[in-house]
Amino acid sequence: MNTQSDVSDRPFGPSNNSQGFKANAFVREGVREGFLARVAPVVLRWALAVTILSAVADRFGLWGPPGTANVSWGDWPHFVA
């Protein structure tokens, strides 16, 4: 019979003052940092793409005619001028 207790034998996991709890906290933080490291560049790329495509849409008149609120150019001739 095994005399050492295993973490899986405990019903609620390691106690708060054990070394296993500290290691689990670092593992969870590592997973969180890994997730953010993968997701953040994708979100930033999408935000940049939307910003650039919004300006292109304004040049082609998709946001409204020239002189409308929040419209810089409104159509291609105003953009070229």
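Residues numbered from 1 in each chain as written. Predicted model: local features only at pLDDT ≥ 70, side-chain atom pairs only at ≥ 80, totals over all residues. Heavy atoms only, no water.

## Focus: the side chain of Asp 58
Part 1 of the argument: Here Asp 58 shows up in helix 1 (residues 19-59).
Part 2 of the argument: Despite its burial, Asp 58 pairs with no opposite charge, the nearest such side chain being Arg 59 at 7.1 Å.
Part 3 of the argument: In this structure the side chain of Asp 58 is engaged in a polar contact, spanning 3.0 Å, whose partner is the backbone nitrogen of Ser 72.
Part 4 of the argument: Contacts of Asp 58, omitting those with residues within four sequence positions, involve Trp 63, Val 71, Ser 72, Trp 73, Gly 74 and Asp 75. (Helix = DSSP H or I, 4+ residues; strand = E, 2+ residues; numbered from the N terminus. Buried < 20%, exposed > 50% of the residue type's maximum accessible area, 1.4 Å probe, protein only. Lys, Arg positive; Asp, Glu negative; His and termini not counted. Salt bridge = Lys/Arg side-chain N within 4 Å of Asp/Glu carboxyl O. Polar contact = N/O pair within 3.5 Å; in protein donor to acceptor, adjacent residues only side chain to side chain. Contact = heavy atoms within 4.5 Å.)

## Structural notes on unusual backbone geometry
Part 1 of the argument: Of note, the phi angle at Asn 70 is positive, near 65 degrees, even though the residue is not glycine.
Part 2 of the argument: Among the structural elements, Asn 70 can be located in the loop between helix 1 and helix 2 (76-80).
Part 3 of the argument: Using a relative accessible area of 80% as the deciding quantity, one classes Asn 70 as exposed.

## What to know about the packing of aromatic side chains
Part 1 of the argument: Tallying each qualifying case throughout the model produces 3 aromatic pairs.
Part 2 of the argument: Ring centres 5.7 Å apart and planes at 15 degrees place the aromatic pair Phe 60 and Trp 76 in the stacked group. Taken as a pair, Phe 60 in the loop between helix 1 and helix 2 and Trp 76 in helix 2 lie far apart in primary sequence, 16 residues in all.
Part 3 of the argument: For Phe 60, a relative accessible area of 57% gives the class exposed.
Part 4 of the argument: Its relative accessible area of 42% is what places Trp 76 among the partly exposed residues.
Part 5 of the argument: With 5.0 Å between their ring centres and 85 degrees between their planes, Trp 73 and Phe 79 make a pair best called edge-to-face.
Part 6 of the argument: Judged by its relative accessible area of 26%, Phe 79 is partly exposed. (Phe/Tyr/Trp six-rings, centres within 6.5 Å; stacked < 30°, edge-to-face > 60°.)

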